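Architecture at a glance
The primary structure of each chain is shown beneath.
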Amino acid sequence: MIKGVSIRKLMVFENELGGLKHMLKRQWPEFKGFGEIYFSTINIGIVKGWKKHNKTILNYTVPVGNVKVVIYDDNKDNTSYREIQEVELGEKNHILLTIPPNVWYSFSALNNEKAIICNLINLEHSEDEHHQIELDNDLIPYKWKL
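Throughout what follows, the structure given in this document is the object of discussion. What you are looking at is a predicted structure, and each value in this text was computed from that prediction instead of being measured. (Residues numbered from 1 in each chain as written. Predicted model: local features only at pLDDT ≥ 70, side-chain atom pairs only at ≥ 80, totals over all residues. Heavy atoms only, no water.)

Taking strand neighbours across the sheet as the criterion, the 5 strands line up as 8-7-10-5-12 in an open arrangement whose pairing is antiparallel. Here the strands that pair on one side only, and so sit at the sheet edges, are strand 8 (84–90) and strand 12 (130–132). In this sheet, neighbouring strand axes are inclined to one another by 25 degrees on average, regardless of whether the strands run parallel or antiparallel. Sheet topology places strand 5 (residues 47–53) next to strand 10 (residues 104–109); 4 bridges connect them, and they run antiparallel. Pairing of Lys 48 across the sheet is with Phe 107, part of strand 10. (Pairing = 2+ DSSP bridges. Helix = DSSP H or I, 4+ residues; strand = E, 2+ residues; numbered from the N terminus. Axes fitted to C-alpha atoms, helices over the stretch in contact; angles between N-to-C directions.)

So, in structure tokens, the structure goes:
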């Protein structure tokens, strides 16, 4: 597991009226403050990423569809240096995935279905706070297969 990545199984309540899914509670250790919440849609056959943030902590849940997130640690000082971690989350696996700053990540929808990621970040989005590189690059030893 990559240093700083956290996976928390979340509660899902279903009845004849519908359902309720938890995301994040203030008292959980994953909560590091509130910057903003946004939803990102992922179309079929699309991979979003590779991105890396300097200070921002991501908290992902997937309320609609299913998503694979791939995380890569290029921090030479970490015990998880050069590790790759794949996490599937969504309707089939309702979890909170916390991604720390300074690791690369990318994601794609699974099962030939459109998906939605909900992301609660600890800081407001800022263009100078993140980096992005092409999917096909020489830094990250992971090749997406769609």
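On to the sheet that holds strand 9 (residues 95–99), then. Spatially, 5 strands are ordered 1-9-6-11-4 in an open sheet, and the strand pairing comes out antiparallel. Of all strands in the sheet, those with a lone pairing partner are strand 1 (6–9) and strand 4 (36–42), marking the two edges. For this sheet the average axis-to-axis angle between neighbouring strands, irrespective of direction, equals 25 degrees. In terms of strand pairing, strand 6 (residues 58–64) meets strand 11 (residues 115–121) through 3 bridges, oriented antiparallel.

Let us now look at the environment of Asp 136. Along the chain, Asp 136 turns up in the segment after strand 12. With 86 residues separating them along the chain, Asp 136 and Trp 50 place their C-alpha atoms 9.2 Å apart. For Asp 136, the side chain forms a polar contact with the side chain of Lys 143, separated by 3.4 Å. (Polar contact = N/O pair within 3.5 Å; in protein donor to acceptor, adjacent residues only side chain to side chain.)

Distances and angles like these do not, on their own, reveal function.
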